Each structure stands twice: as C-alpha cells, then as structure tokens.
Amino acid sequence: MPLDVVDLRSFYATPLGGMARRLIGKKIRVHWPRADGMVVIGLGYAAPYLGSFRREALRLGAFMPAEQGGILWPSRGPVRSVMVEEDRLPLPDNTVDRLLMVHCLESAGGHARGLLREAWRVLAPQGRLLIVVPNRRGIWARRDNTPFGHGQPYSRGQLERLLVDALFTPLLIETALHVPPLELRLMIRAAPPVERLATKVSAPFGGLLVVEARKEIASPITSGVVAVQRQAATAPEPARRLMPAKKT
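So, here is what we can say about the structure in this document. Here the structure is a predicted model, which means the values were calculated and not measured. (Residues numbered from 1 in each chain as written. Predicted model: local features only at pLDDT ≥ 70, side-chain atom pairs only at ≥ 80, totals over all residues. Heavy atoms only, no water.)

### Some points on the overall build of the chain
Item 1. When you go through the chain residue by residue, the secondary structure sums to six helices and seven strands.
Item 2. For the chain, the N- to C-terminal ordering of α and β elements is α-α-β-α-β-β-β-α-β-α-β-α-β.
Item 3. Counting over 248 residues, the chain shows a buried share of 50%. (Helix = DSSP H or I, 4+ residues; strand = E, 2+ residues; numbered from the N terminus. Buried < 20%, exposed > 50% of the residue type's maximum accessible area, 1.4 Å probe, protein only.)

### A look at the layout of surface pockets
Item 1. Roughly 240 Å³ of internal volume is contained in the second largest pocket.
Item 2. If you go around the second largest pocket, you meet 14 residues; those closest to its centre are E67, E85, E86, D87 and H111.
Item 3. Of the residues belonging to the lining of the second largest pocket, the class tally is seven nonpolar, three polar and four charged. (1 Å grid on protein atoms, 1.4 Å probe; cavity = no way out; pocket = protein on both sides within 12 Å on 5 of 7 lines; lining within 4 Å. Points joined across faces, edges and corners; volume = space filled by probe spheres on them. Nonpolar A, V, L, I, M, F, W, Y, C, P; charged D, E, K, R; others polar.)

### As for the side chain of S81
Item 1. Counting through the fold element by element, S81 comes out in strand 3 (residues 81–84).
Item 2. What makes S81 buried here is its relative accessible area of 9%.
Item 3. For S81, the side chain forms a polar contact with the main-chain oxygen of I71, separated by 2.6 Å.
Item 4. Polar contacts involving the side chain of S81 include one to the main-chain amide nitrogen of W73, which spans 3.0 Å. (Polar contact = N/O pair within 3.5 Å; in protein donor to acceptor, adjacent residues only side chain to side chain.)

See below:
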C-alpha cells in the first residue's frame, strides 16, 4: 500500500529528503536533458522532480494514486496534479512522450505488471519510461526512516523481466543514493562527491535503481503478455484529499 502523501511531503521537507531530491533530480535530467514540446507525466509522487520540466514540456502533469492521496501542484500557477487509479490512467492511447515513476512501482505489489502495461498503453511509440525504485541490495530499502524503505524493493534482474514482459526494452539501469540514509549534517554534505565517485565506478550498492526503458511495438503479442484493450478512461472525480502544496 502506498505511503500517505503527507508522509512523502514531510520527508522531502527534511535535510535528508532535500539531499535525495537533488541527487535523484540530477539523475533524471541526465537521462532526459531536454523535453521541448513533449508531454511529460509523473506517476506516483513525482512532483518534487517535475519542476525542472515546467519551461520545456508542452504538457506536464503529476498523477497521484488515489490510495496515496494528492497535493495541489505546483504551488503557483495552473494546477497540474490529479488523483488517479494507477491501472486506469485518464489518457488516450499513445499520448505521452516521457513517463516518470517515483514512489510508485514498489507500492504496486501484485499489480506491478498491470501498472507497466498501462504505462505501455499511454506512451507514444518509442516513448520513454523512467522508474526510480528501491534497490534490493541497498541499505535504503532496509531502513524505514525514508519512503524508500517501504514497499517492495527490486533487483536489476527483476526489473528487466518485468519490463520485457510489458513490452519495454530496458536501456540503462544504474544506482543512486550511495550514502546511508542518516540525518547527519556531515553525511548530507558528503553525498554529492560520493555520488559522483560512485557513478564513475558504477557502484552496485546504491539505495535506488534508476531504469530507463523504451516502449516497443511487437506483433503478434505472445501468449504470456495480455494486451491492454481499453478506451481512455474518463477524468477522475474531483480529489477529496488534495492538500495545499508547499512552495517549490
């Protein structure tokens, strides 16, 4: 079950959460340096990482699972956030260029395959999916003082199999957050140089896995994969648990 949006927002307001946001945000922009004229959607609690796309993307949205709850985002300007059912996204087929999942897949449980098939449905041909998920081998998945210590962590092999089953081609899997999840000022200050070094040597024990995958069009679809045959869902009812967003 997803963490409540209040807990997620509170984490990112802490020094440790701010450090995680900066480091993960840099990883995301390395994968997606430009998004000019693209439709960019965040699914889960991706709002902390979507702000850098606001001046580039043609359309930008933060889709927040109903079980998690939602916040009004951004704090200024038109509201771009909405609560959704993860397996019934209110989008037509083939309309999203970039789909970012953060605080999402690890909470899906037995519905992970259905979630990825829905992601496949809404992505445009050759669209890109970027997933940030706890690393089974990392220490962040073993500590419950951050949101990354909740839900199901994944190994590289598990992610690859899930993505291939859902008709995605994994392009790159790398690790992030290589310092322990400790609220220590010295540790937080040391995080950026440690992250740069770990990236250079491809250290396998980061707290998170960051995987980019490309949507593939395959025909015929094998019997092991069920195609999603669904008309675009209607827009969800007005959110009942939307909360004011902190200024970002």
